[in-house]
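Each chain is listed here by its residues.
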Amino acid sequence: MMLKIENVTQQYRDVYAVKEVTCELTQGIYGLLGPNGAGKSTLMRILVDVLKPTKGRVTYNGKEISILGENYRDILGYLPQEFGGYSHFTAQEFLRYVASLKGIDSRVAHEKVDGLLELVGLCNVKKKKLKGFSGGMTRRVGIAQALLNDPLILILDEPTAGLDPSERIRLRGILSEISKDKIILLSTHIVSDIEYVANEVLLIKEGELIQKKAPKELLAALNGQVWTMVMNEDDFLKNKQHLKLVNASHLQGQVEIRIISDKEPHEQAVTVEPRLEDIYVYYFGANDVV
Ligand SMILES: Nc1ncnc2c1ncn2[C@@H]1O[C@H](COP(=O)(O)OP(=O)(O)OP(=O)(O)O)[C@@H](O)[C@H]1O
């Protein structure tokens, strides 16, 4: 099972939404991580064949996905970023409807739908209309519809958007459970979504794939470059703009900072074990640490 992305580029006038992305995905969970506008949704839309790239190609087991057409869609599950509508349907009706569009036999579909409602924790509200659902509940319906045809390739665009922490944890469990025979690609800009489940993390910046590694390898590369120290507020304010800051905790005139630096930033600074959040700041910066 191999999804191969070769020199995939998507250009809008002078903007490259995706630029020369080349990589191979085999069985496992991949986390696509990048800031807003990095090109995650565009790449995913290309991978599910709703958008034809300006350049490059995507193949599944050696065959171009656009040529595979229906055969490709049969093994594909997709949660788009904007998932909604169908507000007058109940959750169960909606999933049965999608199942019929996917050509699933109605008896099989009824069982499948109930199983998936159970899996995403919506059994007790299956007869309620979608218009009354919270953002997190709607997202879970979206995840269920992507799973209806037991896809071998599952593409989830920000599946955790709107989910509360317990729903996020539940989703991570579901993904691990079903990943044995699938290629799962999920996008997010929230590091903790993929820290525990992704076999590999793909970092995307300004349309380019800048890293594709196991979380452990990404973390190892930052060893010795993550530091913490305590400084007073005045010094912090003076030096703040020169620091690659991951976190700043203010307490009684003092600030405990966590920073990335390839050299010892101060004699009192101590190195700490890198986390994926540090990786994010290292590659993408952080402009909202105060
Ligand atoms: N149809 C389009 N026309 C013009 N520009 C586009 C179009 N679609 C995307 N872009 C641009 O391409 C870039 C990548 O967008 P994309 O939505 O793929 O990013 P993203 O990583 O999914 O962001 P977000 O996390 O905010 O959803 C952005 O600069 C966006 O403005």
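Use the structure listed above.
Okay, so let's go over this structure.

Definitions and cut-offs
- Residues numbered from 1 in each chain as written.
- Predicted model: local features only at pLDDT ≥ 70, side-chain atom pairs only at ≥ 80, totals over all residues.
- Heavy atoms only, no water.
- Helix = DSSP H or I, 4+ residues; strand = E, 2+ residues; numbered from the N terminus.
- Contact = heavy atoms within 4.5 Å.
- Lys, Arg positive; Asp, Glu negative; His and termini not counted.
- Charge placed at Lys NZ, Arg CZ, Asp CG, Glu CD.
- Salt bridge = Lys/Arg side-chain N within 4 Å of Asp/Glu carboxyl O.
- Buried < 20%, exposed > 50% of the residue type's maximum accessible area, 1.4 Å probe, protein only.
- Pairing = 2+ DSSP bridges.
- Right-handed = clockwise from strand over helix to strand, strands pointing away.
- Axes fitted to C-alpha atoms, helices over the stretch in contact; angles between N-to-C directions.
- Phe/Tyr/Trp six-rings, centres within 6.5 Å; stacked < 30°, edge-to-face > 60°.
- Lys NZ or Arg CZ within 6 Å of the ring centre and 35° of its normal.
- Core = buried A, V, L, I, M, F, W, Y, C linked by side-chain atoms within 4.5 Å.
- Near = heavy atom within 4 Å.
- Polar contact = N/O pair within 3.5 Å; in protein donor to acceptor, adjacent residues only side chain to side chain.
- Areas by Shrake-Rupley, 256 points an atom, 1.4 Å probe, with all protein chains shown as cover.
- Nonpolar A, V, L, I, M, F, W, Y, C, P; charged D, E, K, R; others polar.

A tally of regular secondary structure across the chain gives eleven helices and 14 strands. Its C-alpha atoms give the chain principal-axis dimensions of about 70 × 45 × 35 Å. Of all intrachain contacts in the chain linking residues separated by at least 6 positions in sequence, the fraction that spans at least 24 positions is 69%. Side-chain charges of the chain comprise 36 positive and 38 negative groups, with the mean position of each set lying 6 Å from the other.

Overall, the coordinates contain 14 salt bridges when judged by the stated rule. Between Asp49 and Arg73 there is a salt bridge, with its nearest N and O atoms 3.7 Å apart. With Asp49 in the loop between helix H1 (40–47) and strand E4 (55–60) and Arg73 in helix H3 (residues 70–74), this residue pair connects regions lying 24 residues apart in the sequence. For Arg168, the salt bridge goes to Asp193, with nearest N and O atoms at 2.9 Å.

So, about the pairing of strand E7 (residues 153–157). The element E7 is largely enclosed, with a buried count of five among its five residues. Alternating positions in E7 separate into two faces, Ile153, Ile155 and Asp157 on one and Leu154 and Leu156 on the other, with burial throughout. With four bridges joining them, strand E6 (residues 76–79) and E7 adopt parallel strand pairing. Within E7, the residue paired with Tyr78 across the bridge is Ile155. Sheet topology note: the E7/strand E8 (residues 183–188) ladder contains five bridges and is parallel. Paired with Ile153 across the bridge in E8 is Ile183. For the crossover from E7 across helix H7 (residues 165–178) to E8, the handedness is right-handed.

All right, on to the environment of Glu267 then. Secondary-structure assignment places Glu267 in the loop between strand E13 (254–260) and strand E14 (270–271). In this structure Glu267 comes out as exposed when scored by relative accessible area, which is 69%. Separated by 223 residues in the primary sequence, Glu267 and Met44 place their C-alpha atoms 46 Å from one another.

With that settled, the discussion passes to the sheet that holds E4. Pairing is antiparallel across the open sheet formed by four strands, whose spatial order is E2-E1-E4-E5. Edge positions in the sheet fall to strand E2 (15–25) and strand E5 (63–64), since each has one partner strand and no second. One ladder, built from five bridges, connects strand E1 (residues 3–12) with E4; its direction is antiparallel. By the bridge assignment, Thr9 is partnered in E4 with Lys55. H1 rests against E1, E2 and E4 of the sheet, and its axis sits at about 125° to E1.

All right, on to the packing of aromatic side chains then. If you walk through the whole model with that rule in mind, you get nine aromatic pairs. Centre to centre, the rings of Phe83 and Phe94 are 5.7 Å apart; their planes meet at 65°, and the pair counts as edge-to-face. You can see Phe83 sitting in the loop between E6 and helix H4 (91–101) and its partner Phe94 sitting in helix H4, a full eleven residues away along the chain. Pair check on accessibility: Phe83 and Phe94 agree, each one buried. Every member of this aromatic cluster is reached through a ring pair, and the members are Phe83, Tyr86, Phe89, Phe94 and Tyr97. In this structure, Lys19 is placed above the aromatic ring of Tyr16, and the distance from its NZ or CZ to the ring centre is 4.9 Å. Of note, Lys244 hangs over the ring of Tyr282, and the distance from its end group to the ring centre comes to 5.4 Å.

Counting residues in hydrophobic clusters, the biggest one holds 53 residues, and the most contacted among them are Val141 and Leu175. Not counting the four nearest positions on each side in its chain, Leu175 is found in contact with Ile29, Leu154, Leu156, Ile184 and Leu186. Leu25, Leu51, Leu68 and Leu185 belong to the second largest nonpolar core, which has 30 residues in total.

Right, let's get into the site of the ligand. All residues adjacent to the ligand are Tyr12, Ala17, Pro35, Asn36, Gly37, Ala38, Gly39, Lys40, Ser41, Thr42, Gln81 and Glu158. A distance of 2.7 Å is found between an oxygen atom of the ligand and a backbone nitrogen or oxygen belonging to Gly37. Backbone polar atom of Ser41 to an oxygen atom of the ligand: 2.8 Å apart, as the coordinates give it. Surface burial for the ligand is 61%, taken as the share of its 630 Å² of free accessible area covered by protein chains. Per element, the largest residue contribution to the shell around the ligand is three residues, and it comes from H1. Within the shell around the ligand, the residues separate by chemical class into four nonpolar, six polar and two charged.

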